[in-house]
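So the chains spell out like this:
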Amino acid sequence: MPLSKQAVKEQVWRAIDARADEIIAFARDIFAHPELGYKETRTAAKVAEKFAALGLDFEQGLALTGLKARLKGSAADGPTVAVMGELDSVLCPGHPNADPVTGAAHSCIHNGQLAMMLGVGMGLVDAGAAAHLGGDVMLMAVPAEEYVEIEYRSNLRRDGKISFLGGKQEWVLQGVMDDVDITLMIHAMFEDGGRPPAVKLGYGGTTNGFVGKFVRYRGKEAHSGGAPHAGINALNAAMLGLFGIHAQRETFRDEDTIRVHPIMTKGGDLVNIVPADVRLELYVRGKRMDAIIDAARKVDRALRAGAMAVGAEVEIETLPGYLPKLDTPALDELLRGNAEQLVGKDNVGPRDHTTASGDLGDIAHLMPVATLSVAGIRGQAHSENTEVADEYLSYVTSAKAVAATVIDLLWQDGSTAKEIVAAHKPVYTKQTYLEMWRELLK
């Protein structure tokens, strides 16, 4: 008698449990060795080792550091479901596990995404589940989700090494996503003001999008004590520009969830020289692109006013950020059902809109996507107190839930995946998506 779908899921869950120690050890190793986007060479090499050990054909060097491996199902022309993890970390030099040289730290728990992705692959391979799947599973390790080091990445862009600052966007451009029909991911849920999440696993939810900006104020150097009147203070120009942004905040509508948050990466050269080279990096975030564009124009106006006030010059480079994340309810329901089997109905719940952002939003404008939100984390996101409190939940249970959802989608002839893809109406094709960013940045 052929195995039922539930029986195959349980076989895969047992296979993942058999590798639990290995999955957790991998996650710990990546957590201890964080790397920043488009620089994740060690992390990528560790993922490649796991792909090779699973006997999977894989490609590497995709957008500098990314990898993807294909687990072939029983049908040559069936749908392909991607399971994604992100290779990079953030800058958080105060974190106990921060790299002492770069300041990188896994305080967004991308190491858990990679562990989940590999756990899915291990479970499906070890249980021989591919024989029951009418389509392929693509295991993907994507670079550069965290939108940091804007000046560094802008230089990569000018040198022709990348076109987008985010890894998933770059993969769309390079055709890496051309053969994917559905994308699944996880993301950590963090404490809110010291309060842990209300559930262990969450499903659904949307996010803000944003555009990035690199701003450079140019003034005129002079001796700060002897002849400040002979200079043009670019730091003052930048400060006035920032105050101008603050003066715009009351014009942002609550329902648009606008967020503008700059940092100053250079404030001058020496304390006794009038600052003539001052640089800012910032995001303009929002729930919808029209609101983001409106807010970005106001931000540019304020930044230029700061330069005008003191006679400085300003260069404002607007860069492709990320699109707001959209929801795919049919995928969310599959994740919900599998999560409830694993942790109980009372420990699973829907997610609301969050004003954070991620480049999965861009993928969501092209195909069905879903994210499983996972608790088990202490501390806030992107902070020095972030730590994993429940490794089994974060790394192993999440892999079980996503693997079971892959089985639901691709079971036998892959009919569930085919139905979701057929019913989905993408906002863009690949061509119109790329044209949208090019037009927006004019």
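Bear in mind that the values here come from a model prediction, so they are computed numbers and not experimental data.

## Digging into the packing of aromatic side chains
Thought 1: Across all of its chains, the model carries 8 aromatic pairs by this definition.
Thought 2: Judged by centre distance (5.4 Å) and plane angle (85°), the ring pair of Tyr 147 and Tyr 283 falls under edge-to-face. Here Tyr 147 is found in the loop between β6 (136–142) and α5 (150–158), whereas its partner Tyr 283 is found in strand β11 (residues 277–286), with 136 residues between them in sequence.
Thought 3: Their ring planes at 25° and their centres at 6.5 Å tell us that Phe 164 and Tyr 433 sit as a pair that is stacked. Of this pair, Phe 164 sits in the loop between α5 and α6 (167–174) while Tyr 433 sits in helix α13 (residues 430–440); the two residues are 269 residues apart in sequence, bridging distant segments of the chain. By the burial criterion, Phe 164 is buried, and Tyr 433 matches it.
Thought 4: Put simply, the rings of Tyr 147, Phe 210, Tyr 283 and Tyr 322 touch in pairs and so form one group of aromatic residues.
Thought 5: Lys 39 extends its terminal NZ or CZ atom over the ring of Tyr 152, reaching a point 4.3 Å from the ring centre.
Thought 6: One Lys or Arg, Arg 285, reaches over the ring of Phe 210 and ends 5.6 Å from the middle of that ring.

## What about the side chain of Glu 40?
Thought 1: In this fold, Glu 40 is placed in the loop between α2 (20–32) and α3 (41–53).
Thought 2: No salt bridge is formed by the buried Glu 40; its nearest oppositely charged neighbour, Arg 153, is found at 6.4 Å.
Thought 3: A polar side-chain atom of Glu 40 sits 2.6 Å from a polar atom in the side chain of Thr 65.
Thought 4: Within polar-contact distance, the side chain of Glu 40 engages the backbone nitrogen of Ala 144 at 2.9 Å.
Thought 5: Setting aside anything within four residues of it in sequence, one finds Glu 40 in contact with Glu 35, Thr 65, Leu 87, Asp 88, Pro 143 and Ala 144.

## Overview of unusual backbone geometry
Thought 1: Even without being a glycine, Ala 63 presents a positive backbone phi close to 60°.
Thought 2: When you line up the elements, Ala 63 lands in the loop between β1 (57–62) and β2 (66–71).
Thought 3: Phi angles above zero are rare outside glycine, and Glu 149 is one such case at about 50°.
Thought 4: Relative to the assigned elements, Glu 149 resides in the loop between β6 and α5.

## Digging into the sheet that holds strand β13 (residues 348–350)
Thought 1: Reading across from one edge, β1-β2-β6-β3-β7-β14-β8-β13 is the order of the 8 strands in this open sheet, with mixed pairing throughout. The open sheet has two edge strands with one neighbour each: β1 and β13. On average, each strand axis in the sheet is tilted by 20° relative to the strand beside it, whichever way the strands run.
Thought 2: As paired elements, strand β3 (residues 80–86) and strand β7 (residues 182–188) share 3 bridges and run parallel to each other. Following the sheet pairing, Val 81 is matched in β7 by Ile 182.
Thought 3: Along the sheet face, helix α11 (residues 391–410) touches β3, β6, β7, β8 (201–203) and β14 (369–374) and points at about 160° away from the line of β7.

## Description of the environment of Gly 219
Thought 1: Assignment of secondary structure puts Gly 219 in the loop between β9 (209–218) and α7 (234–248).
Thought 2: A C-alpha to C-alpha distance of 6.5 Å links Gly 219 and Glu 313, two positions 94 residues apart in sequence.

## Considerations on the pairing of β3
Thought 1: Counting buried positions along β3 gives 7 out of 7 residues, so the element sits mostly inside the fold.
Thought 2: Judged by which residues are buried, β3 turns out to be covered on both faces: Thr 80, Ala 82, Met 84 and Glu 86 on one side and Val 81, Val 83 and Gly 85 on the other are all buried.
Thought 3: Pairing of β3 with β6, which is carried by 7 bridges, proceeds in the parallel orientation. Across the sheet, Gly 85 pairs through a bridge with Ala 141, a residue of β6.

Parameters at a glance
Residues numbered from 1 in each chain as written. Predicted model: local features only at pLDDT ≥ 70, side-chain atom pairs only at ≥ 80, totals over all residues. Heavy atoms only, no water. Phe/Tyr/Trp six-rings, centres within 6.5 Å; stacked < 30°, edge-to-face > 60°. Helix = DSSP H or I, 4+ residues; strand = E, 2+ residues; numbered from the N terminus. Buried < 20%, exposed > 50% of the residue type's maximum accessible area, 1.4 Å probe, protein only. Lys NZ or Arg CZ within 6 Å of the ring centre and 35° of its normal. Lys, Arg positive; Asp, Glu negative; His and termini not counted. Salt bridge = Lys/Arg side-chain N within 4 Å of Asp/Glu carboxyl O. Polar contact = N/O pair within 3.5 Å; in protein donor to acceptor, adjacent residues only side chain to side chain. Contact = heavy atoms within 4.5 Å. Pairing = 2+ DSSP bridges. Axes fitted to C-alpha atoms, helices over the stretch in contact; angles between N-to-C directions.

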